[in-house]
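Chain by chain, the residues:
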Amino acid sequence: MSRETPLGEFLRARREALKPHDVGLPEHGRRRVPGLRREEVALLAGVSADYYIRLEQGRETRPSPQVVSAIALALRLTAEATDHLHRLCLDETQRPRHSRHDTVSPALLRLMDGWEHTPAFIVGPALDILAANALATVLHDGFADFDNLARMVFLDPAGRDFYQEWDRTAHSCVAELRAAYGFDPSSRRIATVVDELSRASDGFARLWQLHEVKSKTQDGKHLRHPYVGDLHIAFAAFTVNAAPHQQLVVYQADPASPTAGALQRLSALIPVSTHAESSWE
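Participant: Any chance you could explain the overall build of the protein here in plain terms?
Facilitator: Within the protein one finds 13 helices and 5 strands. Principal axes of the C-alpha set define a box for the protein whose edges measure 65 × 45 × 35 Å. The buried share of the protein, taken over its 281 residues, is 49%. The long-range fraction of contacts in the protein, counting pairs at least 24 apart against all pairs at least 6 apart in sequence, stands at 56%. Carbon and sulfur atoms provide 52% of the accessible area of the protein, an area that totals close to 14,600 Å².

Listed below in structure tokens is the structure:
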């Protein structure tokens, strides 16, 4: 009898995302299942087909690290997805305890306040905006609420205009949520956000089922603000050592670029008394 588990769901999704030619297997005629067959993954990983089937069906939940690594190689997982797979095999006693995610250090708030020409904000595991400096708040003032990045992308109509590479942003949001879920599958906040978005957005629900995993690191973004127009920014995300479940996200523009000028114009709209503060409770 099949009992779906996070481990089994992940294995099935990543198996179905591969084609035989992706792993050097011949492909003959029509296949009744998307992607690879379970038996093919088992063959590539060097485990019995029955054992692999039990993993997907949730009848086996504690594979050895060696077996997990072999399956990760068979599924052509990235290093980050491989780590995610290992975490899904942990039981509750093996997971670190998670403290509250929504308290931001006053020292970090003061640091962000000092960046007058640099948008910066703190996100939690569920992509909640825990705090933001004044320029980040003004940058996102076209949204109904600057409260949760995933909700802003998928549920706020402003997201389609603000994020000029919307599809890429949508994939990134979901992959980041999946990565956070792997660290804390019992998180009620992540479950609440995922449930809300799955019900309200078919696009989110489809991407969530792909089980793609990628943490926020650094990249470029093409944004469009209703007041200053196009912005081409570089962003970087930094783990907060005092609160490893939080990330500091910093947006930067090339010096003397049109985007730097646009951020300068945005900074003129900031009320004098505005300081970095929490925007989600």
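Moving on, there is more to tell.
Participant: Quick question: what am I supposed to make of the pattern of salt bridges here?
Facilitator: Two side chains with opposite charge may pair up if their charged atoms get near one another. Scanning the entire structure with this criterion turns up 14 salt bridges. Here Glu40 ties to Arg37 by a salt bridge, and the two come within 3.3 Å at their closest N and O atoms. In this structure, the salt-bridge partner of Asp219 is Arg168, at a minimum N-O distance of 2.5 Å. You can see Asp219 sitting in strand E3 (residues 218-225) and its partner Arg168 sitting in helix H10 (residues 166-183), a full 51 residues away along the chain. On the basis of relative accessibility, which here comes to 36%, the residue Arg168 falls in the partly exposed class. Three or more residues joined by partner-sharing salt bridges are found here, namely Arg15, Arg38 and Glu56.

Participant: What is the right way to look at the nonpolar core in this model?
Facilitator: In this structure, Phe121, Phe154 and Tyr163 are the most contacted members of the largest nonpolar core, which totals 72 residues. Among the elements that line this core, the one with the most residues is H10, at 8 residues. Discounting chain neighbours no more than four positions away, the residues touching Tyr163 are His140, Phe143, Leu149, Met152, Val153, Thr169, Lys221, His222 and Leu223. Core analysis: the second largest hydrophobic core is formed by 12 residues, Leu108, Leu109, Ile122 and Val240 among them.

Participant: Would you take a moment to explain the packing of aromatic side chains for this structure?
Facilitator: What characterises a pair of aromatic rings is the spacing of the ring centres plus the angle enclosed by the ring planes. Under the definition given, this model contains 10 aromatic pairs. With a centroid separation of 5.2 Å and 75° between ring planes, the pair formed by Phe143 and Phe162 is classed as edge-to-face. Here Phe162 lies in helix H9 (residues 158-162) and Phe143 lies in the loop between helix H7 (134-139) and helix H8 (149-154), a separation of 19 residues in the sequence. For Phe143, a relative accessible area of 7% translates into the label buried. Measuring from ring centre to ring centre gives 5.3 Å for Phe154 and Phe204, while their planes differ by 85°; the resulting arrangement is edge-to-face. Of this pair, Phe154 sits in helix H8 while Phe204 is found in helix H12 (residues 202-208), placing the two residues 50 residues apart along the sequence. Through a chain of ring-to-ring contacts, three or more aromatic side chains come together here, namely Phe154, Trp166, Tyr181, Phe204 and Trp208. A cation over a ring is seen here: Arg160 above Trp166, with NZ or CZ 3.5 Å from the ring centre.

Participant: Even after reading the chapter, I still don't get the packing of helix H2 (residues 38-45) against helix H4 (residues 65-74), so can you show me in this structure?
Facilitator: For any two helices packed against each other, one specifies the crossing angle of their axes together with the interaxial distance. Where H2 contacts H4, the two axes come as close as 8 Å, and the packing angle between them is 115°. In this structure, H2 meets H4 at a crossing whose hand is right-handed. Within the contact between the two elements, H2 uses Val41, Leu44 and Ala45 and H4 uses Ala70, Ile71 and Ala74. Of the residues in the contact of H2 with H4, the class split is 6 nonpolar, no polar and no charged.

Participant: Just checking my understanding: could you explain the layout of surface pockets for this structure?
Facilitator: Regions of empty space are outlined by a rolling probe, equal in size to a water molecule, passed over the atoms. In this structure, the second largest pocket spans a volume of roughly 350 Å³. Residue lining of the second largest pocket: 24 residues in total, with Thr169, Ser172, Glu176, Lys221 and Phe235 positioned closest to the centre. At the level of secondary structure, the elements contributing two or more residues to the lining of the second largest pocket comprise H8, H10 and E3. For the lining of the second largest pocket, the leading source of residues is H10, giving 7 residues.

How each quantity is defined
- Residues numbered from 1 in each chain as written.
- Predicted model: local features only at pLDDT ≥ 70, side-chain atom pairs only at ≥ 80, totals over all residues.
- Heavy atoms only, no water.
- Helix = DSSP H or I, 4+ residues; strand = E, 2+ residues; numbered from the N terminus.
- Buried < 20%, exposed > 50% of the residue type's maximum accessible area, 1.4 Å probe, protein only.
- Contact = heavy atoms within 4.5 Å.
- Areas by Shrake-Rupley, 256 points an atom, 1.4 Å probe, with all protein chains shown as cover.
- Salt bridge = Lys/Arg side-chain N within 4 Å of Asp/Glu carboxyl O.
- Core = buried A, V, L, I, M, F, W, Y, C linked by side-chain atoms within 4.5 Å.
- Phe/Tyr/Trp six-rings, centres within 6.5 Å; stacked < 30°, edge-to-face > 60°.
- Lys NZ or Arg CZ within 6 Å of the ring centre and 35° of its normal.
- Axes fitted to C-alpha atoms, helices over the stretch in contact; angles between N-to-C directions.
- Left-handed = near helix turned anticlockwise from the far one by under 90°.
- Nonpolar A, V, L, I, M, F, W, Y, C, P; charged D, E, K, R; others polar.
- 1 Å grid on protein atoms, 1.4 Å probe; cavity = no way out; pocket = protein on both sides within 12 Å on 5 of 7 lines; lining within 4 Å.
- Points joined across faces, edges and corners; volume = space filled by probe spheres on them.

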